Amino acid sequence: MLARKSIIPEEYVLARIAAENLRKPRIRDRPRKARFIAKNGACNLAHKNIREQGRFLQDIFTTLVDLKWRHTLVIFTMSFLCSWLLFAMMWWLVAFAHGDMDPSTENPLNSTKWTPCVTCVRSFTSAFLFSIEVQVTIGFGGRMMTEECPLAITVLILQNIVGLIINAVMLGCIFMKTAQAHRRAETLIFSRQAVIAVRNGKLCFMFRVGDLRKSMIISASVRIQVVRKTMTPEGEVIPIHQVDIPVDNPIESNNIFLVAPLIICHVIDKRSPLYDISASDLALQDLELIVILEGVVETTGITTQARTSYVAEEILWGHRFVPIVTEEEGVYAVDYSKFGNTVKVAAPRCSARELDEKPSILIQTLQKSELSHQNSLRKRNSMRRNNSIRRSNSMRRTNSSLIVPKVQFITPEGSQSASET
């Protein structure tokens, strides 16, 4: 508007706007890539266009276990209700075919002795109650079977067998859903972020894992995989290319003793997919590191698996996890409030390949960090010294202001006497 009124030349306004745009770089947010494994361990995968749905019915037990709880409870209830209704219809048909529903059989003046197949079954309601008593083995005593009808004995045997099968399948399904392995994995925790720092002269990728329960995970092992989109020399695009990377573990069996939180370390060497990645290249990388912890639950003996993943935004370069295990009164105490806390440490910003080619980079980085540490200590000492000097000066001023001046008294004899008050 000022340029239109000719107060400021238009050329100056355009130049100033261009200069401001140059000073403020535009940061374009990259579209976030979908994670293959979520932070809670769930697989971010959707199955579509499955034409062979019948394969799920062939493994009906696993299908029932994989269902949600509300669906399982509905199936559990309906299986019993349907079986009771089915056999109630069968008992009603047996009684109707034998003539137990005929009112003349209830007449006490009838000279012929009538023996029903099932006593006290005069309607479908009573047949339904008898079906429940047979299958659940309640046996109230009002309704009972006689030896008059062999068909009724066959129905009784069939209903007992079917009831036992339903009980075994449904109770086993409920038990398996209650004692599923992933329930134990809820108490296996991973650090929210991973770090890359120098350990033993090598760049290492590290994260922390812990177990909240006192019952241990037996034969626990950790695997790390890198998932990224790659292209082969022939031009084939692999959207989910999985590469195993080794874990630095002095034990040859690769098992860990997860009695306290541990820091799992992967040395970035020539075998690692992170070998050519520097600190500046890390934010531009489209990769995901999947961590899998497997082991056997000590109390149940069931194999469990806990999973998580780290994308490039969740990897901190030049950080290290703070120690959380301390010894207090002869007991090792773990402070889980600091489980994911990190501190910034000296680390070269170059890749592991450049560090192997020029080892002097690490020495220079450590020297710079040592000099900066000494300078910070000097600044702290000088600040403390200045603060102590200021405090002493302020104390001297306050003491000097409290000193009372000397007062001279003249006696009647004319002699002077000095006294302090």
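Residues numbered from 1 in each chain as written. Predicted model: local features only at pLDDT ≥ 70, side-chain atom pairs only at ≥ 80, totals over all residues. Heavy atoms only, no water.

Visitor: Give me the lowdown on helix α4 (residues 69–98), citing residues and values where you can.
Guide: Taking 1.5 Å per residue as the helical rise, α4 with its 30 residues ought to reach 44 Å, and the 44 Å between its terminal C-alpha atoms agrees with that figure. Regarding α4, the residues found buried are Thr-72, Phe-80, Ser-83, Trp-84, Phe-87, Ala-88, Trp-91, Val-94 and Ala-95. (Helix = DSSP H or I, 4+ residues; strand = E, 2+ residues; numbered from the N terminus. Expected span 1.5 Å × (residues − 1). Buried < 20%, exposed > 50% of the residue type's maximum accessible area, 1.4 Å probe, protein only.)

Visitor: I'd love a proper account of unusual backbone geometry, names of residues and values included.
Guide: Of note in the backbone geometry, Cys-120 takes a positive phi value of approximately 65 degrees without being a glycine. Considering the arrangement of structural elements, one finds Cys-120 in the loop between α4 and α5 (124–136). Positive phi, normally seen in glycine, also occurs at Ser-219, with a value near 55 degrees. Here Ser-219 lies in strand β4 (residues 217–231).

Visitor: Provide a residue-level description of the packing of aromatic side chains, including the pertinent values.
Guide: Under the criterion given, the structure shown has eight aromatic pairs. Ring centres of Trp-91 and Phe-130 lie 4.9 Å apart, and the angle between their planes is 80 degrees; this geometry places the pair in the edge-to-face category. Placement of the pair is Trp-91 in helix α4 and Phe-130 in helix α5, with a sequence separation of 39 residues. Through a chain of ring-to-ring contacts, three or more aromatic side chains come together here, namely Phe-76, Phe-80 and Trp-84. Positioned above the aromatic ring of Trp-69, the side-chain terminus of Lys-177 is 5.2 Å from the ring centre. In this arrangement the basic side chain of Arg-208 is found over the ring face of Phe-339, its NZ or CZ atom lying 5.9 Å from the centre. (Phe/Tyr/Trp six-rings, centres within 6.5 Å; stacked < 30°, edge-to-face > 60°. Lys NZ or Arg CZ within 6 Å of the ring centre and 35° of its normal.)

Visitor: Please give an account of the nonpolar core that cites residues and values.
Guide: Phe-205, Phe-207, Leu-289 and Leu-293 are the most contacted members of the largest nonpolar core, which totals 40 residues. With 13 residues, the next largest nonpolar core counts Trp-91, Cys-117, Val-118 and Val-134 among its residues. (Core = buried A, V, L, I, M, F, W, Y, C linked by side-chain atoms within 4.5 Å.)

Visitor: Break down the confidence of the model for the chain for me, with residues and values.
Guide: With 78% of its residues at a pLDDT of at least 70, the chain reaches an overall mean of 78. Taken element by element, the predicted model of the chain shows its lowest mean pLDDT in strand β16 (residues 416–419) (46) and its highest in strand β11 (residues 319–321) (92). Low confidence marks residues 22–28, where pLDDT is under 50. Its contacts with residues over four positions away, or in another chain, come to zero contacts. Between residues 415–421, whose pLDDT stays under 50, and residues either more than four places distant or in other chains, the model counts 15 contacts. (pLDDT = per-residue confidence, 0-100. Contact = heavy atoms within 4.5 Å.)

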